[in-house]
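# Inside the fold
If you want the building blocks of each chain, they are given just below.
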Amino acid sequence: MSVLNGDVDKAKMAAFLMLTTPGTPFIYYGEEIGMTGQKPDEDLRLPMQWSADPFAGFSGAESWRAPAKGFEETNVSSQTGDTSSLLEHYRTLIALRGSNSALRTGEANLLETKNTGIFSAVLKDESETLLILANLTDAAIADYTLNLSDVGLAESAYSVETLFGAEQAKDVAGSADYKPFENLQPYAMVVIKLNPK
């Protein structure tokens, strides 16, 4: 959050990209609630902010370091159950990654989007094919298409199931250019499962 100047939308996007692309995710404690950190090293992380209670709920006694300013608002307790919070965003993505093998071990193919503000990839394994789509900007984008011709999809139509995201995507007809949504909202993040018809 320090690097992102406290921008929660960008923090959510960073979490989305980390948890929906290849590699082993690494979450430094407090990142999932938006804790900040700064040099010197001992200030990179202060005590975990569990609640708005004294000492941030970290301990019943004063800890070796005081909690960060703002812990009364930024803590696990205040974000738990709030579907718009950074913590619940992480929890949802971690559960999605745990239940979809292609997000963990699938072969990744980056897609041409014809728009530098959009990231997209197809992740495939023996059991599923997932399309990852993200609007990296703070503006809606309508001018984009996804080229699916080089990702090894069969030349057939696909039904789609939106696993993560606010809208249901359009079905895929063949492997030509695909536009799942007319507009991608600012910082839209979508995971779509492609099911051969």
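Here the structure is a predicted model, which means the values were calculated and not measured.

This next bit is on the overall build of the protein chain. Helix and strand counts for the protein chain stand at 4 helices and 8 strands. Moving toward the C terminus, one meets the helices and strands of the protein chain in the order α-α-α-α-β-β-β-β-β-β-β-β. Considering only C-alpha atoms, the protein chain reaches an extent of 65 × 35 × 30 Å along its principal axes. By residue count, 44% of the 197 residues in the protein chain fall in the buried class. Contacts in the protein chain between residues at least 24 apart in sequence constitute 57% of all its contacts with a sequence separation of at least 6. Accessible surface for the protein chain amounts to roughly 10,200 Å². Of this, 52% is attributable to carbon and sulfur atoms.

With that settled, the discussion passes to a nonpolar patch on the surface. Taken together, the side chains of Phe26, Tyr28 and Tyr29 define a hydrophobic patch exposed on the protein surface, amounting to about 330 Å² of accessible area. Considering the arrangement of structural elements, one finds Phe26 in the loop between helix 1 (8–19) and helix 2 (76–79). For Phe26, a relative accessible area of 60% puts it in the exposed group.

The next point concerns the pairing of strand 3 (residues 129–135). Taken across its 7 residues, strand 3 has 7 buried, putting it largely inside the fold. The side-chain alternation of strand 3 yields two buried faces, one formed by Thr129, Leu131, Leu133 and Asn135 and the other by Leu130, Ile132 and Ala134. Across 7 bridges, strand 2 (residues 118–124) lies against strand 3 in antiparallel orientation. Considered in strand 3, the bridge of Ala121 is made with Ile132.

So, about the packing of helix 1 against helix 3 (residues 86–99). Any two packed helices are characterised by the angle at which their axes cross and by the distance between the axes. Two numbers describe how helix 1 lies on helix 3: the axes approach to 10 Å, and their chain directions differ by 10 degrees. As the angle between them shows, helix 1 and helix 3 are arranged roughly parallel. Relative to helix 3, helix 1 is oriented so that their crossing is right-handed. Across the interface between the two elements, Ala11, Lys12, Ala15, Phe16, Met18 and Leu19 from helix 1 touch Leu86, His89, Tyr90, Leu93, Ile94 and Arg97 from helix 3. When grouped by side-chain class, the residues that make up the contact of helix 1 with helix 3 number 9 nonpolar, 1 polar and 2 charged.

What counts and how
- Residues numbered from 1 in each chain as written.
- Predicted model: local features only at pLDDT ≥ 70, side-chain atom pairs only at ≥ 80, totals over all residues.
- Heavy atoms only, no water.
- Helix = DSSP H or I, 4+ residues; strand = E, 2+ residues; numbered from the N terminus.
- Buried < 20%, exposed > 50% of the residue type's maximum accessible area, 1.4 Å probe, protein only.
- Contact = heavy atoms within 4.5 Å.
- Areas by Shrake-Rupley, 256 points an atom, 1.4 Å probe, with all protein chains shown as cover.
- Patch = residues over 30% accessible without salt bridge, like charges linked within 9 Å, V, L, I, M, F, W, Y side chains within 5 Å.
- Salt bridge = Lys/Arg side-chain N within 4 Å of Asp/Glu carboxyl O.
- Pairing = 2+ DSSP bridges.
- Axes fitted to C-alpha atoms, helices over the stretch in contact; angles between N-to-C directions.
- Parallel < 35°, antiparallel > 145°, perpendicular 65-115°, else oblique.
- Left-handed = near helix turned anticlockwise from the far one by under 90°.
- Nonpolar A, V, L, I, M, F, W, Y, C, P; charged D, E, K, R; others polar.

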